[in-house]
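The primary structure of each chain is shown beneath.
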Amino acid sequence: MNDRSNLQTPYYLIDKEKLLRNMEVIAKVREKSGAKALLALKCFATWSVFDLMRQYMDGTTSSSLYEARLGREKFGGETHAYSVAYAENEIDEVLAQADKIIFNSIGQLARFSARARAHGVRQGLRVNPGVSSSGFTLADPARPFSRLGEWDVEKVEAVMGQISGFMIHNNCENADFALFDDMLGQIEGRYGALLQRLDWISLGGGIHFTGEGYPVEAFAERLKAFADRHGVQIYLEPGEAAITNSTTLEVTVLDTMFNGKNLAIVDSSIEAHMLDLLIYRQNAKMKPNDGAHFYEICGKSCLAGDIFGEFSFENPLQVGDRLSFEDAAGYTMVKKNWFNGVKMPSIAVRQLDGTVDVVREFGFDDFAGNLS
Ligand SMILES: Cc1ncc(COP(=O)(O)O)c(C=O)c1O
Ligand SMILES: NCCCCNCC[C@H](N)C(=O)O
C-alpha cells in the first residue's frame, strides 16, 4: 500500500530509509574502530525489520531468557546474554542460546559458572565504574547502592580467572563525546591493569553516536585506541542509537474540547503506547510545531494525565485529522500495553521502495489472551 492515510490508526510506522541512516553510521563506526555492534533488544525488538538491521550489526544483547531467544531466533549473529539475575530454572535454556553470558554479580558467576563452561559459553562480568552520564536517577546505573554490576575492584580481581570480558554500561542518551571520552578515561584509570587480562569488553549502550553532529570519526578513533592499548575486542550495545528517529506513532483526532485550553483527544494513549515518556515526564514530539493554533493533545485512557504534550498547528484541529508523533521506537513499542483495553497500534513498515506493509495488527483476542 502506498497511501498511508488509508491505514487505520493507531499504528507505529517504521521507516526503513530512516533506519538505514542509523545503520550506515553504525557500519562506519564498526569499520573504522573494529568494534562490534549488538542491538540492545530491551530498547527495540520489532523483529520485522531485523532483515535490514542484521546487515549492519553483529548480533544482539539481551536482558532476559526471552530476549536472548528472540535474538538467536530472529536476528542471528552473535548472541550475548545478560540479566540482572538468572533463575535456576532458566539458566540452561539461556546458555543454549548464547555465545557469551554476562553475569551481573560475582554471586551469579559463582553459582552458574560451571554450567556455562559445560555449555562452552564464554563468561563476562558486569562491572560498575560508579560514574555515569545519566540525568535521571531512575535510569542511573551509578545511583547510590546500585545493583547493576560489581563495584569493588579487589573483588573483581579475585574472579578474573573465570571471565574473559567485562560489560560496563554507564552512558544514558549521551550525545557529548567529550563526556564519553572522559568517562572512558576514568574506566581505564580504575581498571587499567585488569583490562589487559581480558579478551573483550562491552561498553554497553546509551551513546548517542548516530545523532546529528556527533563526531563519529573521533568516537571511532577513541574506541580503536582503547582496543589497541588494552588488546581487547570492543562491543557496543546500541539501543536508542540504532533506531532513533526511525519511527512515528500515527493517530487520529477523535474529539476536541475547550476547557480553558484547546484540547484534542486522539485514538491512542501515552500511558499505553508511549509509556517511557510518561515515566520520565517527557513530552512527545511533533513536527511541524509552529502554527498559530495551540492544542493539548490527550490520550483516550481514563488517566487524567494522559497527555502527549502541547503543540501548535497551522489550522484549528478537526475530528478526523491525522497526527504523527516522532521518535516512537525506542523503549516505546517494547513497553506498549493493554491499559483500558485501548486498541493497540498496528505495526507498519515503510520499505525502502516506499511501499508500506502492515506487519502486525492487534485485536480483541490479543487483549483477552493477555490475561486469563
Ligand atoms: C546493559 C545495557 N546495554 C545496552 C543498553 C541500551 O541503551 P540505549 O538504548 O540507551 O542505547 C542498556 C539500556 O538499558 C543497558 O542497560
Ligand atoms: N528518554 C528518557 C530517558 C530514557 C532512559 N533510558 C534508559 C534505558 C536503560 N534502562 C538504561 O538504564 O540505560
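Note that this is a predicted model, so its numbers are computed, not measured.

A. Local environment of the overall build of the protein. Helix and strand counts for the protein stand at 12 helices and 16 strands. The C-alpha atoms of the protein give a radius of gyration of 22 Å, which matches the 21 Å a tight globule of 372 residues would have. Dimensions of the protein along its principal axes, counting C-alpha atoms only, are 65 × 45 × 45 Å. Considering the protein as a whole, with its 372 residues, one finds that 54% of them fall into the buried category. Across the protein, every contact between residues at least 6 apart in sequence was considered, and the portion connecting residues at least 24 apart equals 66%. Carbon and sulfur atoms make up 49% of the accessible area of the protein, which amounts to about 16500 Å² in all.

B. Here's a closer look at helix α3 (residues 65–75). Restricting attention to buried positions, one finds in α3 the residues Leu65, Glu67, Ala68, Gly71 and Phe75. Of the surrounding secondary structure, the elements contacted by the buried residues of α3 are β2 (36–40), α2 (50–53), β3 (59–61), β4 (78–83) and α4 (91–97). Phi turns positive one or two residues past the end of α3, at Gly76, with a value near 80°.

C. Structural view of the UniProt feature "domain: Orn/DAP/Arg decarboxylase 2 C-terminal" (unreviewed entry) in the protein. Sequence positions flagged by UniProt for "domain: Orn/DAP/Arg decarboxylase 2 C-terminal" (unreviewed entry) are, in local numbering, residues 170–328. Between the first and last C-alpha atoms of residues 170–328 the distance is 23 Å; the span itself is 30% helix and 26% strand.

D. Seen up close, the site of ligand 1. Taken together, Ala40, Lys42, Cys43, Met167, His169, Gly205, Gly206, Glu237, Pro238, Gly239, Glu240 and Tyr331 make up the full set of residues adjacent to ligand 1. Glu237 is positioned such that a nitrogen or oxygen atom in its side chain is 2.6 Å from a nitrogen atom of ligand 1. A total of 390 Å² of accessible area belongs to ligand 1 in isolation, and the protein chains cover 88% of it. Here the shell around ligand 1 is composed, by residue class, of five nonpolar, four polar and three charged.

E. Structural detail: the packing of aromatic side chains. Scanning all chains against the criterion turns up 16 aromatic pairs. A centroid spacing of 5.2 Å and a plane angle of 70° characterise the contact between Phe180 and Phe219, whose relative ring orientation is edge-to-face. Of the two residues, Phe180 sits in helix α7 (residues 177–195) while Phe219 sits in helix α8 (residues 216–230), which places them 39 residues apart along the sequence. For the pair Phe180 and Phe219, a shared accessibility class is recorded, and that class is buried. Site record: aromatic cluster; members linked through ring pairs are Phe177, Phe180, Phe209, Tyr214 and Phe219. The residue whose ring lies beneath Lys74 is Trp47, and the NZ or CZ to ring-centre distance is 3.8 Å.

F. Broad picture of the state of the cysteines. Scanning the model with the defined rule gives zero disulfides in all. There is no disulfide at Cys298, and the cysteine sulfur nearest it, in Cys302, is 14 Å away.

G. Seen up close, the site of ligand 2. Taken together, the residues surrounding ligand 2 are Phe136, Ala139, His169, Cys172, Glu173, Asp276, Tyr280, Gln282 and Tyr331. Compared with its free state, where it exposes 380 Å², ligand 2 has 81% of that area covered by protein. Looking at the shell around ligand 2 residue by residue, the class counts come to five nonpolar, two polar and two charged.

H. Spatial organisation of the pattern of salt bridges. Under the counting rule described, the total for this entry stands at 23 salt bridges. Here Arg72 makes a salt bridge to Asp99, at a shortest N to O gap of 3.3 Å. Linking Arg72 in helix α3 with Asp99 in the loop between α4 and β5 (100–103), this pair joins segments that are 27 residues apart in sequence. As a salt-bridge pair, Asp92 and Arg115 come within 3.2 Å of each other at their nearest N and O atoms. Here Arg115 lies in helix α5 (residues 106–119) and Asp92 lies in helix α4, a separation of 23 residues in the sequence. The exposure class of Arg115 is partly exposed, given its relative accessible area of 24%. Through salt bridges with shared partners, a single ionic network connects Asp181, Glu188, Arg222 and Arg229.

I. Quick look at helix α1 (residues 16–33). With 18 residues, α1 ought to run about 26 Å at 1.5 Å a step, and its terminal C-alpha atoms sit 25 Å apart, in line with that. Among the residues of α1, Lys16, Leu19, Leu20, Asn22, Met23, Val25, Ile26, Val29 and Ser33 are the ones counted as buried. The opening residue of α1, the one whose side-chain oxygen lies 3.0 Å from the backbone nitrogen of Glu17, is Asp15. Gly34 occupies a position one or two residues after α1 and carries a positive phi of about 85°.

J. The nonpolar core, seen in detail. In this structure, Met53, Phe166 and Ile297 are the most contacted members of the largest nonpolar core, which totals 94 residues. Among the elements that make up this core, the one with the highest residue count is α7 (seven residues). With near-sequence residues (within four places) excluded, Ile297 lies in contact with Ala264, Val266, Met286, Ile307, Phe308, Gly309, Phe311, Phe313, Leu317, Leu323 and Phe325. Core analysis: the next-biggest nonpolar cluster, separate from the first, contains seven residues, Leu38, Tyr82, Leu148 and Tyr235 among them.

Cut-offs and rules
- Residues numbered from 1 in each chain as written.
- Chains lettered and ligands numbered in written order.
- Predicted model: local features only at pLDDT ≥ 70, side-chain atom pairs only at ≥ 80, totals over all residues.
- Heavy atoms only, no water.
- Helix = DSSP H or I, 4+ residues; strand = E, 2+ residues; numbered from the N terminus.
- Rg over C-alpha atoms; globule rule 2.2 N^0.38 Å.
- Buried < 20%, exposed > 50% of the residue type's maximum accessible area, 1.4 Å probe, protein only.
- Contact = heavy atoms within 4.5 Å.
- Areas by Shrake-Rupley, 256 points an atom, 1.4 Å probe, with all protein chains shown as cover.
- UniProt positions renumbered as here; feature names shortened; annotations may be inferred.
- Near = heavy atom within 4 Å.
- Polar contact = N/O pair within 3.5 Å; in protein donor to acceptor, adjacent residues only side chain to side chain.
- Nonpolar A, V, L, I, M, F, W, Y, C, P; charged D, E, K, R; others polar.
- Phe/Tyr/Trp six-rings, centres within 6.5 Å; stacked < 30°, edge-to-face > 60°.
- Lys NZ or Arg CZ within 6 Å of the ring centre and 35° of its normal.
- Disulfide = S-S within 2.5 Å.
- Salt bridge = Lys/Arg side-chain N within 4 Å of Asp/Glu carboxyl O.
- Expected span 1.5 Å × (residues − 1).
- Core = buried A, V, L, I, M, F, W, Y, C linked by side-chain atoms within 4.5 Å.

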